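# Residue-level structural notes
Given next are the chains, with one letter for each unit.
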Amino acid sequence: MISVVINTYNASLHLTKCLEAVKDFDEVVVCDMESTDDTREIAARYGCRIVTFPKGDHKSAEPARTFAIQSAKSKWVLVVDADEIVTPELRDVLYERIRDPKCPAGYYIPRQNMFMGMFVRDYRYDFQLRFFVREGTTWPPHVHTFPDVPGPTERLHAAKEARLLHLMDETMHEYIAKMNIYTDDEVDKKAARGYGVGALLWRPLWRFFKSYFLDGSFRMGTRGLIRSMMAATYQYILVSKIIEKRYRH
């Protein structure tokens, strides 16, 4: 059996499409962080089991992830964001894999993202550790982290249609606003790494190179260049904040 777990906060924009795509799984758990829109009503219409995690001052879903995962009843959990679509091919291959006695404890799932109105080219997926055994799995409460899974993990290699489709297509204003929030959250997590002037140069340069050349963003034209520059900018902001925190203490 597989439970789908979805963390939400004011997530009504894409939630109907998200829930429609997962309605054939054994269970769907929506862990809501006290939404003020109609998120809970949409989840109720689809018969989801709804649990609540206090929003407090949390800026991302990560602090609620472990609670959401442990609220599921199945042995296996697929974590899906409220702006992601599970393709039928992905659902089928996951059920196929868990019937294999040699199935690992977790899989990194390929995800196809959107940027400036188009899906990022599918020859270079963004792999996310989203499918794993429930028992013993915990999720660090920091943004951009992967869960700690009690056993071996692998990348899921299957037909290219077996993937998550990430529908969120943020404006540059929204992208930059989230960049500030997420880098604030990452400062404490990475402060002990001792980043200095060298990291101000090589981390942005490496991230640009990886995004533009290795991940193939150059094939997206101007949009790909902007996407890679934003990836580099994220690293520059993060390292600058880490250095600033060290100076102020």
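Here, every reference points to the structure presented above.
The following refers to the structure shown. (Residues numbered from 1 in each chain as written. Predicted model: local features only at pLDDT ≥ 70, side-chain atom pairs only at ≥ 80, totals over all residues. Heavy atoms only, no water.)

### Focus on helix H1 (residues 12–22)
Among the residues of H1, His14, Leu15, Cys18, Leu19, Ala21 and Val22 are the ones counted as buried. Buried positions in H1, seen along its axis, are confined to an arc of 150 degrees and lie on one side of it. Against strand S1 (2–8), strand S2 (27–32), helix H2 (39–45), strand S5 (84–86) and helix H4 (88–98) lie the buried residues of H1. (Buried < 20%, exposed > 50% of the residue type's maximum accessible area, 1.4 Å probe, protein only. Helix = DSSP H or I, 4+ residues; strand = E, 2+ residues; numbered from the N terminus. Arc of directions from axis to C-beta. Contact = heavy atoms within 4.5 Å.)

### Things to note about the side chain of Arg203
Relative to the helices and strands, Arg203 is located in helix H6 (residues 197–214). Within the buried core, Arg203 has no salt-bridge partner, and the shortest N-O distance to an opposite charge, that of Glu186, equals 6.6 Å. Residue contacts for Arg203: discarding those within four places in its chain leaves Lys190, Tyr195, Gln235 and Val239. (Lys, Arg positive; Asp, Glu negative; His and termini not counted. Salt bridge = Lys/Arg side-chain N within 4 Å of Asp/Glu carboxyl O.)

### With respect to helix H5 (residues 172–190)
Owing to its 3.6 residues per turn, the α-helix brings residues three or four apart onto one side. Spanning 19 residues, H5 covers 26 Å between terminal C-alpha atoms, matching the ideal 27 Å at 1.5 Å per step. Listing the buried residues of H5 in full gives Met179, Thr183, Glu186, Val187 and Lys190. Residues of H5 that are buried sit in contact with H6 and helix H7 (222–248). (Expected span 1.5 Å × (residues − 1).)

### Focus on the packing of H6 against H7
Between H6 and H7, whose axes approach to 8 Å, the crossing angle comes to 155 degrees. Between H6 and H7, the interaxial angle falls into the category roughly antiparallel. Here H6 and H7 pass one another in a crossing that is right-handed. Where H6 abuts H7, its residues Ala199, Leu200, Arg203, Pro204, Arg207, Phe208, Ser211 and Tyr212 lie against Gly224, Leu225, Arg227, Ser228, Met229, Ala231, Ala232, Gln235, Tyr236, Val239, Ser240 and Ile243. (Axes fitted to C-alpha atoms, helices over the stretch in contact; angles between N-to-C directions. Parallel < 35°, antiparallel > 145°, perpendicular 65-115°, else oblique. Left-handed = near helix turned anticlockwise from the far one by under 90°.)

### Quick notes on the pairing of S1
With 7 of 7 residues buried, S1 is to be regarded as a mostly interior element. Residues Ile2, Val4, Ile6 and Thr8 of S1 are buried on one face, and the alternating residues Ser3, Val5 and Asn7, pointing to the opposite face, are buried as well. Sheet topology places S1 next to strand S4 (residues 76–79); 4 bridges connect them, and they run parallel. Bridging from a neighbouring strand, Ser3 pairs with Val77 of S4. Bridge count for S1 against S2 is 6 bridges, and the pairing is parallel. From the neighbouring strand, Thr8 faces S2, where its bridge partner is Asp32. (Pairing = 2+ DSSP bridges.)

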